[in-house]
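What follows is each chain in one-letter form.
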Amino acid sequence: MIRSIIAASWDVMRCVLAPNEQRRHAEIIRVHLKSTSSLVRAITANTISLTPGTVIVSIDTETADMEIHVLGKTDSAEFQNAIHAHEDRVASFIVEKKK
């Protein structure tokens, strides 16, 4: 998590100091969360929004779909896989803390 925050901070700084078409590109990517736990969903959304260049636009609590505004050209499938991996880490942490 810390590594991704540092990398994203660097990317946002480059976007501000040396903007170009690829860096200024912004899009909204929809990700379907796998967890049924509202706690896991909330922590996942909060930690994603800590990353510079990303903002949670909306979360549909019934379908578990999350729309994320992303700064910079991003491969949608790769981004979704990264979010799912992060969600899995959050879920495993929550399960371990309950034991």
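Residues numbered from 1 in each chain as written. Predicted model: local features only at pLDDT ≥ 70, side-chain atom pairs only at ≥ 80, totals over all residues. Heavy atoms only, no water.

1. Observations concerning the confidence of the model for the protein chain
We count it as follows: Within a predicted model, pLDDT stands for the predictor's per-residue confidence, ranging from 0 to 100. Starting at the N terminus, helices and strands are each numbered in turn, a helix being any DSSP run of H or I of at least four residues and a strand any DSSP run of E of at least two.
In this model, the protein chain carries an average pLDDT of 84, and 90% of its residues clear a pLDDT of 70 or more. No element of the protein chain has a lower mean pLDDT than helix α2 (residues 21-24), which averages 70, and none a higher one than strand β1 (residues 26-32), which averages 93.

2. Observations concerning the sheet that holds strand β2 (residues 54-60)
Test applied: Here, strands pair whenever DSSP counts at least two bridges between them. For helices, the axis comes from a line fit to the C-alpha atoms of the stretch in contact; other axes are also lines fit to C-alpha atoms, and the angle between any two N-to-C directions lies between 0 and 180 degrees. When checking whether two residues touch, look at their non-hydrogen atoms; a contact exists if any pair is within 4.5 Å.
Strand order in the open sheet formed by three strands is β1-β3-β2, and the pairing between neighbours is antiparallel. Because the sheet does not close on itself, it has two edges, and the strands there are β1 and β2. This sheet shows a mean twist of 20° between the axes of neighbouring strands, independent of strand direction. Bridging between β1 and strand β3 (residues 65-71) involves seven bridges; their strand directions are antiparallel. Residue pairing for β3: arginine 30 is matched across the bridge by glutamate 67. The strands touched by helix α3 (residues 38-50) within the sheet are β2 and β3, with β2 carrying the most contacts at an inclination of about 155°.

3. Here we look at the pattern of salt bridges
Definition in use: Salt bridge, as used here, is a side-chain nitrogen of Lys or Arg placed within 4 Å of a carboxyl oxygen of Asp or Glu. Only protein chains enter the accessibility calculation, which uses a 1.4 Å probe; a residue whose area is less than 20% of its type maximum is buried, one above 50% is exposed, and one in between is partly exposed.
If you walk through the whole model with that rule in mind, you get three salt bridges. Two residues, glutamate 67 and arginine 30, come together in a salt bridge whose shortest N-O distance is 2.5 Å. Note that glutamate 67 is positioned in strand β3 and arginine 30 in strand β1, a separation of 37 residues in sequence. Judged by relative accessible area, which is 46%, arginine 30 ranks as partly exposed. The partner of aspartate 88 in a salt bridge is lysine 34, and the shortest N-O contact between them spans 3.1 Å. Separated by 54 residues along the polypeptide, aspartate 88 in helix α4 (residues 76-98) and lysine 34 in the loop between β1 and α3 bring together distant segments of the chain. Residue aspartate 88 is classed as partly exposed on the basis of its relative accessible area, which comes to 40%. Relative accessible area serves as the criterion here: at 48%, lysine 34 is assigned to the partly exposed category. Connected via shared salt-bridge partners are Arg30, Asp65 and Glu67.

4. Observations regarding a nonpolar patch on the surface
Condition: Patch membership is restricted to residues that have no salt bridge and whose relative accessible area is over 30%. Joining uses 9 Å for like charges and 5 Å for the nonpolar side chains Val, Leu, Ile, Met, Phe, Trp and Tyr. Note on areas: Shrake-Rupley, 1.4 Å probe, and residue coverage restricted to the protein chains presented here.
Taken together, the side chains of Trp10, Met13, Val16 and Leu17 make up a nonpolar region of the molecular surface, amounting to roughly 460 Å² of accessible area. Here methionine 13 shows up in helix α1 (residues 2-17). Note on methionine 13: relative accessible area 36%, which makes it partly exposed.

5. Some thoughts on the pairing of β3
Two elements, β2 and β3, share six bridges in a ladder whose sense is antiparallel. Bridged to threonine 54 within β3 is valine 70. Between β2 and β3, which pair antiparallel in sequence order, lie four residues; one of them, alanine 64, sits at a positive phi of approximately 65°.

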